Structures are given as C-alpha cells and as structure tokens.
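Each chain, written out:
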Amino acid sequence: MGVLDIVPAGVLTGQDVLKLFQYAKEHQFAIPAINVTSSSVANAVLEAARDIKSPIIIQVSNGGAAFFAGKGLPNDKQQASIAGAIAAAHHVRTVAKAYGVPVVLHSDHCAKKLLPWFDGMLDADEEYFARHQEPLFSSHMLDLSEESKEENIATCVKYFKRMAPLGLWLEMEIGITGGEEDGVDNTGVDNSRLYTQPEEIFDVYTALSAVAPNFSIAAAFGNVHGVYKPGNVRLHPELLNKHQLYAEEKLANKEKKPLFLVFHGGSGSTKDEIKTAVQNGVVKMNVDTDTQFAYLAGIRDFVLNKSGYLLSQVGNPEGADKPNKKYYDPRVWVREGEKTLSVRVKEACSDLGNVARL
C-alpha cells in the first residue's frame, strides 16, 4: 500500500494531512518542505516529486510570499506577503494534480510581529472554505519561540481554535532555531535555548491536543538556519527520542511515538543526523538554503558557459550576425535553474526515505 491508496493527488487538507503524516511516521520516512519564491521554483519542486513518486511539502515564508507577489509592492501592512502567499497557494492548487502527487501547502515561520500576515492567510482560508468546504492552505506555522512558553502556547491555542474547524494543520515551534533566515536573526541567542526540554514539549501537546490532533511541533535540538562548516553546529537529534518517551509515559495509552515532530535548519545536516531524526518521529524537514543554491547553480553555469551568447542580442562566437534569442530567452536559462533545483529536491527526498512512496 502506498500514499495514493490513502490520500489523493493534489493539495491535501484536513484528515488527509493527518493520514499522510501518520503514514510517514509509521513507515519511517519524512517529507521535505521546500520554500518557494516563484511559480518556477514551485514547478521544479513538483517535477522532482513526480519523477521519484513521492509526496512533497511546498511552503512560503513571509519574505518569499512578498517576492512571489512582486518586490515592487508595498508591504508595510503585510499586504504583499498576504497577496503573495495567496497567489502561490492558488498556483500550486491549479497545477498540483497535473503532477499526480500529494502536496501539503504550508506557510513557514510566523513570528509575533508577523501575525497580521497570518491573519490575512486565515481570512483567505475561511473565504475559500465557504466556497469549497476546505481551506486554501493545508497548514500554517506559528513561531512564537522568542516569546515566553506561556504566551507561545496560549497564542497557538487561540489560533488553533480558529484553524481546526477549517481542517487546517498547525505547526508550532518551541525552543529557538539559531542562525538567520528571512529577516529573523537568532545568531546571538543563548545556547541553552537551542535545546527544548521534554516537559515543554508535553505542555504543548497537552494544550493543543485538547483542540484537535492535527498539529506538529518543531522542537529545537541545536538546529541552526543556514549552512556552516562541519563541527560548528552541534545537532542532537537523539534528544527527540526523549520527547517521545516522555510523552508515551505521560499518556500511558500504549501509543508509540505520539508526537509529530519537525526538523528546522536541515540544510547542511549529515545523513546520519537526518536518519536519527526520522527514526525519532520527524515527519517534516525544512530545506531552503541548499535549494536556493541549487537553483542558482544551473543559471550560474549556463551564464558562464554561454557568456559569449549573452552579451548582445546579435553577435556571438559563431558570427557577428548570429542572433542570440534562443540563449537569452528566460525560458532557457530559468529552466536550467529548475533542473538543478529538481535534482537537489530529489536528494532531500532520498535522505529522508521519501522515494517511491506513492
């Protein structure tokens, strides 16, 4: 039995998201979540998933969503980020079924200062639900890890009560992911805050499970955004097993690994670290830094290799009167970035055991 025996192709919502993550946990694999900034990036991600017959998670960050809408738009009230996230969601919904793969459509880190963006996406979800009986997105993330534990949990519960009737999944973060990404800078955070404690995780589980079962927890185990020299970041994915064992003991209902966990700051991680995380209940791993570079690589190499054809519209190494349109057409060089990005997405899926799962 494969994933398509339990959920359909296209964007998943409600119980189908829960079924997918349950299946992943039971079969010891996780699904990479790839940040997209344009329809080109989204298409390349879907292409990779189709080629290796795997489910995929497509997500937009606050800044990525604003870029999707256009950098020329003002964003002083999060209007560009809201519009871009909605545009990305509609694009993915339009083409996902054509690729024949299940897709979780997600929004990434939302800090307290970005809650107007979150509210705007929920408004769109509710509007879409009124017409289609399902939300526009599959899931959203609240990242209030910089706030107190009490405020973090209370805010998540408040929003989850609004989300649950729509069939939306909630991802929350407790414990801080270090480094810097998308304008959120945690490079100077105290090291102790990079490691979440089992008691904190269970406090989250208790509060959110009282609302609905459709949630996951991004627990910190030394995670850092970005790519760093080997040895500079100390990841301890084995700590995730302690969270699972603590929850099992507290629940005492014989359910093994009751927590759905998320791996942030996954770029540059070793294959052993990834394997250990998946064994301990991670069902989603964010990949952004590596895929950004992969998208660049194809375009960079094309420009370097074809530089003599890109300096003017007419005239190249083959002759002064030779046209260059077939080289500078964006469909040519952008496609090269899509190809190299697609290869990197396939690698991420392979690292997570997410190959031939349909």
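Here is a short report on the structure shown in this document. For clarity, every value in this text was computed on a predicted model and none was experimentally measured.

Things to note about the pairing of strand S4 (residues 102-107)
In step 1: Burial analysis of S4 places 6 of its 6 residues in the buried class, which makes it a mostly covered element.
In step 2: Bridge count for strand S1 (residues 10-11) against S4 is 2 bridges, and the pairing is parallel. Note that in S4 the partner of Gly-10 across the bridge is Pro-102.
In step 3: Both strand S3 (residues 56-60) and S4 contribute to a ladder of 5 bridges, which runs parallel. Bridge pairing in S4 links Val-60 to Ser-107.
In step 4: In terms of strand pairing, S4 meets strand S5 (residues 139-142) through 2 bridges, oriented parallel. Of the residues in S5, the one forming a bridge with Ser-107 is His-140.
In step 5: The handedness of the S4 to S5 crossover, carried by helix H5 (residues 115-132), is right-handed.

Let's talk about the pattern of salt bridges
In step 1: A full pass over the atoms with the stated rule returns 21 salt bridges.
In step 2: Residue Glu-248 is joined to Lys-256 by a salt bridge in which the shortest nitrogen-to-oxygen separation is 3.9 Å.
In step 3: Judged by its relative accessible area of 17%, Glu-248 is buried.
In step 4: Owing to a relative accessible area of 62%, Lys-256 belongs among the exposed residues under this scheme.
In step 5: Between Glu-347 and Lys-271 there is a salt bridge, and its shortest N-O distance comes to 4.0 Å. Highlighted residues: Glu-347 in helix H12 (residues 330-351) and Lys-271 in helix H9 (residues 271-279), separated in sequence by 76 residues.
In step 6: On the basis of relative accessibility, which here comes to 36%, the residue Glu-347 falls in the partly exposed class.
In step 7: If you follow the salt bridges from partner to partner, you end up with Lys-271, Asp-290, Arg-344, Glu-347 and Asp-351 in one network.

Observations regarding the environment of Tyr-159
In step 1: Assignment of secondary structure puts Tyr-159 in helix H6 (residues 149-163).
In step 2: Tyr-159 sits in the buried class, given a relative accessible area of 5%.
In step 3: What Tyr-159 contacts, discounting residues up to four positions off in sequence, is Leu-115, Phe-118, Asp-119, Leu-122 and Leu-142.

Rules behind the numbers
Residues numbered from 1 in each chain as written. Predicted model: local features only at pLDDT ≥ 70, side-chain atom pairs only at ≥ 80, totals over all residues. Heavy atoms only, no water. Buried < 20%, exposed > 50% of the residue type's maximum accessible area, 1.4 Å probe, protein only. Helix = DSSP H or I, 4+ residues; strand = E, 2+ residues; numbered from the N terminus. Pairing = 2+ DSSP bridges. Right-handed = clockwise from strand over helix to strand, strands pointing away. Salt bridge = Lys/Arg side-chain N within 4 Å of Asp/Glu carboxyl O. Contact = heavy atoms within 4.5 Å.

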